[in-house]
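As a plain string of letters, each chain reads:
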Amino acid sequence: MKAAVLNEANQPMTIDEVDLDAPVAGEAKVRVVAAGVCHSDLHFIDGVYPTRFPTILGHEVAGIVEEVGPGVANVAPGDRVILGFVQPCGTCRFCAEGRPAICQNPARTRTSSNPARTRNGEPVSAMTNVGGFAEYSITPATGLVKVPDDVSLDIAALVGCSVTTGYGAVVNTAQVRPGSSVAVIGAGGVGLNIIQSARLAGAERIIAVDMAEHKLATAREFGATDVVNAKEDDPIVKVRELTGGGADYTFEAIGLKVTAEQAYEMAGRGGTAVIVGMIPPTDQLTIASSIWLQEKTLKGSFYGSARFQLDMPRILNLYRQGKLNLDALVSRRYPLAEINEAFDALRAGEVSRSVLTIGSE
Ligand code: CXF
Ligand code: ZN
């Protein structure tokens, strides 16, 4: 199969021939139809997060099951599926209490002595066991969620990461209440989903903070009632002004120490700041000691605290009902061969989301 291989950090990916093993017990082989181009992939490309090279990135993916290994009962060949980037065990304490996103014992990556993917006989790793920037994926089947026939797979792919991450941060992690005020730092793929989910949850005031005017304009289309250009104004001062002291809920959707600290400062008395972005692993956050006095909450949100088999179908239904706008999230489509251009555009802040069209439906 053809795959985009990242050979080392800070290098363009190369489109190479990669061999795929047959699925073993618990795995499925999926023909990839669409894969979203996410900022988290960029962190691995830029070397901010470590990984095993060579590797195939891509974790926002949908496709069609082609073959299943022994013991797989939740999907069958022909099923249209989202490939979740966590493949929960289903039995650990966190899975048992309905928190599979933080499963303690997620499905194993294949070992390098028994690799699922090889290039000229050498193992190639796959991001989050998905490795979606390729014509096929071998992935543990517990991560797969079925997609109804009337939803296109490029839309379903987005539900594999950005939509679930944003929607879940609002609905599951923060549990935003009707009438509340919300500030969102970063109006990219995840931020826009936080904004539209906050609107759906009945937030009264939704303030989008970004440094790009075109992203703020899109934020308004997704439900932001106010926008703050952090290039022009101090976002903490502005959000406090607009909310009379600080927002009830704030969300950091960029992945930087400075914006995470801003999110905390923008939350008012009794408020909650939710960190959604992928902050570099070596960074430490500094927060004011008055957290106790003002009863503030600082919370992390991973994969929208989602229960995948419940939330993903629910999100797809909200989309079908016109309550979540997923069509307008896709700014561009690229073929796999133009993957490096797609990442250049993301890095330059030109797009909120592009989708690679890898296979046909
Ligand atoms: C990331 C989180 C870390 C692994 C890859 C996906 N989340 C969203 O982009
Ligand atoms: Zn992602």
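So, how was this worked out
- Residues numbered from 1 in each chain as written.
- Chains lettered and ligands numbered in written order.
- Predicted model: local features only at pLDDT ≥ 70, side-chain atom pairs only at ≥ 80, totals over all residues.
- Heavy atoms only, no water.
- Helix = DSSP H or I, 4+ residues; strand = E, 2+ residues; numbered from the N terminus.
- Rg over C-alpha atoms; globule rule 2.2 N^0.38 Å.
- Contact = heavy atoms within 4.5 Å.
- Areas by Shrake-Rupley, 256 points an atom, 1.4 Å probe, with all protein chains shown as cover.
- Patch = residues over 30% accessible without salt bridge, like charges linked within 9 Å, V, L, I, M, F, W, Y side chains within 5 Å.
- Salt bridge = Lys/Arg side-chain N within 4 Å of Asp/Glu carboxyl O.
- Lys, Arg positive; Asp, Glu negative; His and termini not counted.
- Charge placed at Lys NZ, Arg CZ, Asp CG, Glu CD.
- Buried < 20%, exposed > 50% of the residue type's maximum accessible area, 1.4 Å probe, protein only.
- Near = heavy atom within 4 Å.
- Polar contact = N/O pair within 3.5 Å; in protein donor to acceptor, adjacent residues only side chain to side chain.
- Nonpolar A, V, L, I, M, F, W, Y, C, P; charged D, E, K, R; others polar.

Visitor: Would you mind going over the overall build of the protein with me for this structure?
Guide: Helix and strand counts for the protein come out as 10 helices and 20 strands. A compact globule built from 361 residues would reach a C-alpha radius of gyration of about 21 Å, and the protein, at 20 Å, matches this within 12%. Within the protein, counting contacts between residues at least 6 apart in sequence, those at least 24 apart form 71% of the total. Summing over all exposed atoms, the protein offers an accessible surface of approximately 14900 Å²; the carbon and sulfur share of this is 49%.

Visitor: Sorry if this is basic, but what is going on with a negative patch on the surface here?
Guide: Among the surface-exposed residues, E213, E232, D233 and D234 lie close enough to one another that they form a single negatively charged patch. Secondary-structure assignment places D234 in the loop between β15 (226-229) and α7 (235-243). Looking at D234, the relative accessible area reads 43%, which means it is partly exposed.

Visitor: Help me understand the side chain of S181, please; the structure alone is not making it clear to me.
Guide: Mapped onto the elements of the fold, S181 is located in strand β13 (residues 181-185). Residue S181 is classed as buried on the basis of its relative accessible area, which comes to 11%.

Visitor: Is there a simple way to think about the site of ligand 1 in this case?
Guide: Inspection of the region around ligand 1 gives C38, S40, H59, F85, M127, T128, C161, M278 and F302 as its neighbouring residues. In the environment of ligand 1, an oxygen atom lies 2.3 Å from a nitrogen or oxygen atom belonging to the side chain of S40. The separation between an oxygen atom of ligand 1 and a polar side-chain atom of H59 is 3.2 Å. When isolated, ligand 1 has an accessible area of 270 Å², and the protein chains bury 82% of it. Partitioning the shell around ligand 1 into residue classes produces 6 nonpolar, 3 polar and no charged.

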